[in-house]
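This is what each chain is made of:
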Amino acid sequence: MGRNALGSDFAGRQGREFTGSGRVLLQRSLALRAQIDKAQSQGVHISHLDSHMIALVETRHLFGVYENLGHEYNLPMRLVRSGDEMPDAIALPANVFAVDDIISMAPGVAKRDWFAWYKKRLSRLKPGIYELIVHLAYDDEEMRGATRNHPDWGAAWRQQDFDMVRSPQFRNFLRDQKFTLVSWQQLSHAYTTRVRSSY
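Everything numeric here is computed off the predicted structure, so don't read it as measured data.

**Q** Any details on the overall build of the protein chain? Residues and values, ideally.
**A** Secondary structure summary: the protein chain contains 7 helices and 2 strands in total. Scanning the protein chain from its N terminus toward the C terminus, one meets helices and strands in the order α-α-β-α-β-α-α-α-α. Considering only contacts within the protein chain whose residues lie at least 6 apart along the sequence, 62% involve residues at least 24 apart. Element-wise, carbon and sulfur atoms account for 49% of the exposed surface of the protein chain, whose accessible area totals about 12,100 Å².

Spelled out as C-alpha cells, the structure:
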C-alpha cells in the first residue's frame, strides 16, 4: 500500500519487525485504515486489498488485521491457494475466494525470450483464476529516476512489459488460448467467506 497516511514507511518494512502484541497490531490496523480512508476520501476507487511484499501475511496476527479490514470495507483480499503467501497454521478453506496461482517473471530472462516465457507459463495452466503480474510504465526520464539503480523491474523492464502486453502477438495468444480477462471488481462478489472467524 505504499507510504501510509500516518507517515511511517509501512510497506518497506519486513514482516519480521511485526509482533503479535495488541498495541503493535492496533498501530498497524490504524495505519492501514488511514491509508484506505485517505484514498477513498480523495476519490480513489479501491478494487481490492493487496499485501505488497507479503508483509501482512507473515504472522497469523497480522493476517487477522488484514482479513478484518477486507471484510469491514467489503474489499476482496488477494489470497493465493498455492505457494507460501499464507501464515503458518492457516489454510484456506475450499469455499474461500482465492486466485489459484500467480504468474510473475523473475529477473534473468533475456529480452528476446520474454514472449516465449509468458507463452510457456500461461499455456500450461489448468482452468482456474490466475493473477498475471506485469510492471507497466514508459521508459522515460521520470521512471528512470524512480527506478535508478534497479535494472530489475526498472524503466526499461517496464517499457518491455508494456510493449509486450499491447502487442498483437500477445493479445492473439490470449484469445487463442481462450483466456478471459477479469478485474478485481468483477471478482469481488465471490468474496464473502472468512478464512478464520478469529485469530
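Anyway, onward from the coordinates.
**Q** Describe in detail empty space enclosed by the protein, supporting the description with residues and values.
**A** Any space left empty among the atoms is revealed by the rolling of a water-sized probe across them. Within this structure, the stated rule accounts for 2 cavities of 30 Å³ or more. Space inside the second largest cavity adds up to approximately 50 Å³. Lining the second largest cavity, in full, are Asp50, Ser51, Ile54, Val57, Tyr66, Arg78, Leu79, Val80 and Glu85. Among the residues forming the lining of the second largest cavity, the class breakdown is 5 nonpolar, 1 polar and 3 charged.

**Q** Before we move on, could you go through the packing of aromatic side chains and cite the residues and values that matter?
**A** Tallied over the full model, the rule gives 9 aromatic pairs. Between tryptophan 114 and tryptophan 157 the ring centres are 5.0 Å apart and the planes differ by 65°, which places this aromatic pair in the edge-to-face class. A residue pair is termed long-range when its members are at least 10 positions apart, and tryptophan 114 in helix α3 (residues 114-123) and tryptophan 157 in helix α5 (residues 155-166) qualify at 43 residues. Considered together, tryptophan 114 and tryptophan 157 belong to a single accessibility category, that of buried residues. Measuring from ring centre to ring centre gives 5.1 Å for tryptophan 117 and tyrosine 118, while their planes differ by 90°; the resulting arrangement is edge-to-face. By relative accessible area, which is 1% here, tyrosine 118 ends up buried. The structure contains a cluster of three or more aromatic residues connected by ring pairs, namely Trp114, Trp153 and Trp157. Its end group placed over the ring of phenylalanine 162, arginine 166 keeps NZ or CZ at 3.9 Å from the ring centre.

**Q** Requested: an account of the confidence of the model for the protein chain, with residues and values cited.
**A** In the predicted model, the protein chain carries a mean pLDDT of 83, and the fraction of residues at 70 or more is 84%. Per-element mean pLDDT across the protein chain ranges from 80 in helix α7 (residues 184-187) up to 96 in helix α6 (residues 168-176). Within the model, the stretch residues 1-19 combines pLDDT values under 50 with 36 contacts to residues more than four positions away or in other chains.

**Q** How would you summarise the pattern of salt bridges if you had to cite specific residues and measurements?
**A** Under the definition given, this model contains 6 salt bridges. Look at the salt bridges and you will find they share partners, linking Asp50, Arg78 and Glu131 into a network.

The rules behind these values
- Residues numbered from 1 in each chain as written.
- Predicted model: local features only at pLDDT ≥ 70, side-chain atom pairs only at ≥ 80, totals over all residues.
- Heavy atoms only, no water.
- Helix = DSSP H or I, 4+ residues; strand = E, 2+ residues; numbered from the N terminus.
- Contact = heavy atoms within 4.5 Å.
- Areas by Shrake-Rupley, 256 points an atom, 1.4 Å probe, with all protein chains shown as cover.
- 1 Å grid on protein atoms, 1.4 Å probe; cavity = no way out; pocket = protein on both sides within 12 Å on 5 of 7 lines; lining within 4 Å.
- Points joined across faces, edges and corners; volume = space filled by probe spheres on them.
- Nonpolar A, V, L, I, M, F, W, Y, C, P; charged D, E, K, R; others polar.
- Phe/Tyr/Trp six-rings, centres within 6.5 Å; stacked < 30°, edge-to-face > 60°.
- Buried < 20%, exposed > 50% of the residue type's maximum accessible area, 1.4 Å probe, protein only.
- Lys NZ or Arg CZ within 6 Å of the ring centre and 35° of its normal.
- pLDDT = per-residue confidence, 0-100.
- Salt bridge = Lys/Arg side-chain N within 4 Å of Asp/Glu carboxyl O.

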